[in-house]
Amino acid sequence: MVTAFVFITCEPQRISDIAQEVAELPNVAEVYSVTGDYDIIAVLRVNAYESLDEAVPSGIARIPGVRHTTTVLAFRRYSRRDLEAGFDIGLS
């Protein structure tokens, strides 16, 4: 499973509508409106790296009002449960 975070910049008047449209796309697990340089962050979970092509440039980026996307891939997930079990994440 590949987890990707898609940072989305939108036309201001379309942020809410775009967030709702993104949330309805396949492989989108979560969508957040955020502060800072981006307007929306979407969390995607796909079975294969190649599936991101359908999700981002052929999906999210084509929604009217989306100005720009930046995609970041996750290498590993760390959870509170992992930390409580003593899982070493390289911190001393």
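Each value, and the rule that gives it
- Residues numbered from 1 in each chain as written.
- Predicted model: local features only at pLDDT ≥ 70, side-chain atom pairs only at ≥ 80, totals over all residues.
- Heavy atoms only, no water.
- 1 Å grid on protein atoms, 1.4 Å probe; cavity = no way out; pocket = protein on both sides within 12 Å on 5 of 7 lines; lining within 4 Å.
- Points joined across faces, edges and corners; volume = space filled by probe spheres on them.
- Helix = DSSP H or I, 4+ residues; strand = E, 2+ residues; numbered from the N terminus.
- Nonpolar A, V, L, I, M, F, W, Y, C, P; charged D, E, K, R; others polar.
- Pairing = 2+ DSSP bridges.

**Thoughts on the layout of surface pockets**
Then, number 1: Its boundaries defined by the atoms lining it, the largest pocket holds a volume of some 200 Å³.
Then, number 2: Surrounding the largest pocket, Thr-3, Phe-5, Glu-30, Tyr-32, Ile-41, Val-43, Arg-45, Ala-74, Phe-75, Arg-76 and Arg-77 form its lining.
Then, number 3: For the lining of the largest pocket, the secondary structure elements donating two or more residues are strand S1 (2-10), strand S2 (28-33) and strand S3 (40-46).
Then, number 4: Grouping the amino acids of the lining of the largest pocket by side-chain chemistry returns 6 nonpolar, 1 polar and 4 charged.

**A look at the pairing of S1**
Then, number 1: The sheet contact formed by S1 and S3 spans 7 bridges and is antiparallel. The residue of S3 that forms the bridge with Phe-5 is Val-43.
Then, number 2: Taken together, the 7 bridges between S1 and strand S4 (residues 66-73) define a ladder with antiparallel strand orientation. For Phe-5, the partnering residue across the bridge sits in S4 and is Val-72.

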